[in-house]
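Residue strings, one per chain:
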Amino acid sequence: MHHKHLPKLEAYGFIRWDKNRHEVEKGPEFEHIRPLLELLDSHATEFTGEQP
């Protein structure tokens, strides 16, 4: 499996990615993007067309 975005998110410190164990966790800079992720989540049906 090839990942494009995980290395970038890790480089910015938003996540910690253990490639060998296939695990992702919040990184030290995660709180900087939390509001964006919450906004996207709250409007997910607008993007996907799915009903809640």
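Residues numbered from 1 in each chain as written. Predicted model: local features only at pLDDT ≥ 70, side-chain atom pairs only at ≥ 80, totals over all residues. Heavy atoms only, no water.

1. Let's talk about the pairing of strand E2 (residues 23–26)
Pairing analysis gives four bridges linking strand E1 (residues 15–18) to E2, with the strands arranged antiparallel. Counterpart to Asp18 in the pairing with E2 is Glu23. Once E1 ends, the chain turns through four residues before running back antiparallel as E2, passing His22 with a positive phi of about 60 degrees. (Pairing = 2+ DSSP bridges. Helix = DSSP H or I, 4+ residues; strand = E, 2+ residues; numbered from the N terminus.)

2. Here we look at the packing of aromatic side chains
One pass over the full model with this rule turns up one aromatic pair. Plain terms: the ring middles of Tyr12 and Phe14 are 5.9 Å apart, the flat faces sit at 25 degrees to each other, and that makes the pair stacked. (Phe/Tyr/Trp six-rings, centres within 6.5 Å; stacked < 30°, edge-to-face > 60°.)

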